[in-house]
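# Geometric and topological summary
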Amino acid sequence: MHQIDQRAHIERVLSSTRSDAVHTDRIQQSWRRCIEDYDLDPTRPTPAHILEAGRLREHRDQIEDFLQVARTGMEQLYKRVCDLGYVLLLTDARGITVDFIGNDRWQGELRRSGLYLGADWSEARAGTCAVGTCIADRTAMTCHQTDHFDASHIGLTCNSAPLLDPTGDFLGVLDVSALTSPSPKESQHLALQLTMMYAKMIEDANFMHFFREASVLRLGAAWPMVDLSGELMLAFDADGVVVGANSGARRMLNGGGESGLVTELVGSSLDMIFREGAAEVWRIARAGVSNQRSALTTYQHGVFYADVIAPRALSGSRLATRDAEPEVSAPALDRLAGDDPQMQRLIRQAKRLVNKSVDILLHGETGTGKEVVAKALHESSERRDKAFVAINCAAIPESLIESELFGYAPGAFTGGRSKGMRGLIAQADGGTLFLDEIGDMPPHLQTRLLRVLAEKEITPLGGDKPQSIRLTVVAASHRDLRKLIAEGLFREDLYYRLCGAILYLPPLRERQDIAYLIDRLAAEEAVEMGDSASIEAPALAALCSHDWPGNVRQLRNVLRFALAVSDGGNIHLDDLPGELMRPLTDVREAPLPTRVATLTETHEAERPRWRDQEGQWLLESLQRHKWCITAVAEELGLCRATVYRRMKRYGIVQPNLQ
Ligand SMILES: Nc1ncnc2c1ncn2[C@@H]1O[C@H](COP(=O)(O)OP(=O)(O)OP(=O)(O)O)[C@@H](O)[C@H]1O
């Protein structure tokens, strides 16, 4: 945007807000709020404010379930608007962008403009804008170019619609924005209508999810529309009392009812709302959704076509949203983590996905356990008896990957296996195909894979007969696929095909259940060695406080090494590789492990708290046992040689030997 335009804009904002005129226009009212309430200065354009990852996660965590429901709607909307240059933002009630879909080709520019994950679009921070002003007015709007308060935003065009939660509280904003657009504001009319339409769809999906255990009455003025999505929706309980109403129903039916009795819909009986009474609603519910048209007459707003959706958590029937079903029992997934909140959330999400025909993308640094999660998903699913086929796209030479994946027909190559070969994709038929390091798949194979996923058919190299297959794909990458898309190295359409759901694996340094993992991995490694494992407190503290750049894989390797050099599986600080054996004082400062599970059970209760002096404790034990090393070793669960080594380390010398 030219500086001259910015200057003219600032002048316009200043003169409009200086005048005493009472503004009825929403934009000008907002400009005034920016100056009078938020102390914003139009002469100082401010760059976009993007929250750092930790704070963004706090915002996302608060509406975790809603984010999943909304994502589905956003992906559908994005398909409709991406070719027109729009990007999508979902903000929470405070204006923080908690989800975002956009074309990574313009990533730099989008980030600078604030059309980005984590951007703060509250009016107080960003001035008049579609999100902030929609939050202030609770009404859908277009904020087009110079409608913005801040001169740095006057190139943007943004359409927003409010999102309410199932109880009618304000939840956030759906926003459809573009970096550039034609000058007339009317050019945004359709984009605004789409934004409002999808906001309603997302709200309604969230409503259905929230009231999945209640019956839901859907009402509409036109019969086919009722079946697609009720304009008005009422959730009601077994007594025929309304327990929830979507925004359409609240708008239309509140204050209605018999003699205007319904002042508050929620809590009212269906008898008070419909002339036919609750009995007719129950009859419609029993009839099920059929072609037979049913209607209900409200006391004040006429007749509506109606159908009733049975409680889905009980009936397990249709229209379940992605995470609307009760959790399955999945020990393989439960075993993945202790009480780490990020991992627990991942496990919850994974359990909801196991038997859905949804392809899953796993993101996480190397060694965080992506393959382990993929296997656990497979083992927890109904496909567990079929094959789990893992392919590391980075490990197969490019010249072989195509035949490995797709196989080849008999006689396709001279020599070699002239009988042909069944490819890995075909081997995964009915089971799970795990595509590790998907970001490394060569572009021409991405195109072939996309075709296989779309057509559910595979044709081996040199073959002419396609073979139909049932595939569930779990793909994984430690690389930023969106960045690869921006660089033209990964197909965007394949990305959207694969990410039916995205699960993020936290790096080990962020996990709060490291003691659980140490316990589990040490036990597994010890079994491999035909031994049992126990870990001394200083060693455990050193393990817990390490940074683990190589994540769980590195932790496993360290434990394997320590067990191999340990004295009968009892891991001492000295048994750890050099980089973990920091000076004792450092280790002492390390936070206490939440659980010291692998310590020798018989002595665990008697062990000192970690912050106490281990040397002091050893000294007390020696004094108590009158310097009988065998008795001390027995009490501490150590061998005699270790007691002597410890005495040496802490400079403890028997008095009569001093
Ligand atoms: N939750 C876990 N429980 C037990 N072991 C785990 C867990 N996560 C990872 N591991 C172990 O860590 C090692 C690495 O795991 P995995 O191969 O699944 O990681 P990855 O993220 O797929 O790595 P890469 O990106 O290098 O392919 C394996 O030895 C695995 O057994």
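Here the structure is a predicted model, which means the values were calculated and not measured.

### A word on the pairing of strand β5 (residues 170–178)
- Extensive coverage of β5 is indicated by the burial of nine of its nine residues.
- Both strand β4 (residues 157–164) and β5 contribute to a ladder of eight bridges, which runs antiparallel. Of the residues in β5, the one forming a bridge with Cys-158 is Ser-177.
- Once β4 ends, the chain turns through five residues before running back antiparallel as β5, passing Gly-168 with a positive phi of about 95°.

### Thoughts on empty space enclosed by the protein
- Going through the model one piece at a time under the given rule, you end up with seven cavities of 30 Å³ or more.
- In this model, the second largest cavity occupies a volume close to 50 Å³.
- Counting residues per element, the lining of the second largest cavity draws most heavily on helix α8 (residues 189–210), which supplies three residues.
- Within the lining of the second largest cavity, the residues separate by chemical class into three nonpolar, two polar and four charged.
- Here the lining of the second largest cavity gathers at least three residues from each of two domains, domain 1 (4–203) and domain 2 (211–315).

### Focus: the sheet that holds strand β10 (residues 302–309)
- Judged by pairing direction, the sheet is antiparallel, and its five strands sit side by side in the order β8-β7-β6-β10-β9 without closing on themselves. A strand with exactly one partner marks an edge of an open sheet, and here the two such strands are β8 (242–245) and β9 (294–298). With strand direction ignored, the average angle separating the axes of adjacent strands in the sheet is 35°.
- With five bridges connecting them, strand β6 (residues 215–220) and β10 associate as antiparallel partners. Each bridged residue has a counterpart across the sheet, and for Leu-217 the counterpart in β10 is Val-308.

### What about the site of the ligand?
- What surrounds the ligand is a group of 17 residues, the closest being Leu-336, Thr-366, Lys-370, Val-372 and Arg-556.
- Contact distances for the ligand include 2.9 Å between a nitrogen atom and a backbone N or O atom of Leu-336.
- Within the side chain of Thr-366, a nitrogen or oxygen atom sits 2.6 Å from an oxygen atom of the ligand.
- Protein contact buries 87% of the 630 Å² of open area that the ligand shows by itself.
- Contributions of two or more residues to the shell around the ligand are made by α16 (370–380), α22 (514–528) and α24 (551–565).
- Its residues assigned to classes, the shell around the ligand comprises five nonpolar, four polar and eight charged.
- Split by domain, the residues of the shell around the ligand number at least three in each of domain 3 (331–506) and domain 4 (510–657).

### Observations regarding the pairing of strand β7 (residues 232–236)
- With respect to burial, β7 is a largely interior element, five of its five residues being buried.
- Because side chains alternate across β7, one face comprises the buried residues Leu-232, Leu-234 and Phe-236, and the other comprises Met-233 and Ala-235, equally buried.
- Relative to β7, β6 is paired through five bridges, and the arrangement is antiparallel. Note that in β7 the partner of Arg-218 across the bridge is Met-233.

### Looking at the confidence of the model for the protein
- This prediction gives the protein a mean pLDDT of 82; 85% of its residues lie at or above 70.
- Contacts from residues 257–262, a stretch scored under 50 in pLDDT, to residues over four places away or in other chains number 17 contacts.
- Taken together, the stretch residues 582–612 has pLDDT below 50 and engages in 61 contacts with residues farther than four places along the chain or on a different chain.

### Considering the sheet that holds strand β3 (residues 141–144)
- Taken together, the five strands give an open sheet; going across it, the order is β2-β1-β5-β4-β3, and neighbouring strands pair in antiparallel fashion. Looking at the sheet topology across the chains shown, the edges are occupied by β2 (97–101) and β3. Along the sheet, successive strands turn relative to each other by an average axial angle of 20°, direction set aside.
- Across the sheet, helix α3 (residues 53–62) lies against β1 (86–92) and β2, angled at about 95° from β2, the strand it touches most.

### Structural notes on a positive patch on the surface
- On the surface, Lys-79, Arg-80, Lys-456 and Arg-497 cluster together to form a positively charged patch.
- The class of Lys-456 is partly exposed, set by a relative accessible area of 48%.

### Digging into the nonpolar core
- Of all hydrophobic cores here, the largest spans 32 residues; its most connected members are Ile-425, Leu-435, Ile-438 and Phe-490.
- Of all the secondary structure elements, the ones that give two or more residues to this core are β12 (388–392), α17 (398–406), α18 (424–427), β15 (432–436), α19 (443–455), β18 (472–477), α20 (481–486) and α21 (492–498).
- Looking at this core, the element that brings in the most residues is α19, giving five residues.
- When near neighbours in sequence (up to four residues on either side) are disregarded, Leu-435 contacts Ile-391, Cys-393, Leu-405, Leu-449, Val-473, Val-474, Ala-475 and Ala-476.

Quick notes on the rules
- Residues numbered from 1 in each chain as written.
- Predicted model: local features only at pLDDT ≥ 70, side-chain atom pairs only at ≥ 80, totals over all residues.
- Heavy atoms only, no water.
- Buried < 20%, exposed > 50% of the residue type's maximum accessible area, 1.4 Å probe, protein only.
- Helix = DSSP H or I, 4+ residues; strand = E, 2+ residues; numbered from the N terminus.
- Pairing = 2+ DSSP bridges.
- 1 Å grid on protein atoms, 1.4 Å probe; cavity = no way out; pocket = protein on both sides within 12 Å on 5 of 7 lines; lining within 4 Å.
- Points joined across faces, edges and corners; volume = space filled by probe spheres on them.
- Nonpolar A, V, L, I, M, F, W, Y, C, P; charged D, E, K, R; others polar.
- Domains from an automatic or database assignment.
- Axes fitted to C-alpha atoms, helices over the stretch in contact; angles between N-to-C directions.
- Near = heavy atom within 4 Å.
- Polar contact = N/O pair within 3.5 Å; in protein donor to acceptor, adjacent residues only side chain to side chain.
- Areas by Shrake-Rupley, 256 points an atom, 1.4 Å probe, with all protein chains shown as cover.
- pLDDT = per-residue confidence, 0-100.
- Contact = heavy atoms within 4.5 Å.
- Patch = residues over 30% accessible without salt bridge, like charges linked within 9 Å, V, L, I, M, F, W, Y side chains within 5 Å.
- Salt bridge = Lys/Arg side-chain N within 4 Å of Asp/Glu carboxyl O.
- Lys, Arg positive; Asp, Glu negative; His and termini not counted.
- Charge placed at Lys NZ, Arg CZ, Asp CG, Glu CD.
- Core = buried A, V, L, I, M, F, W, Y, C linked by side-chain atoms within 4.5 Å.

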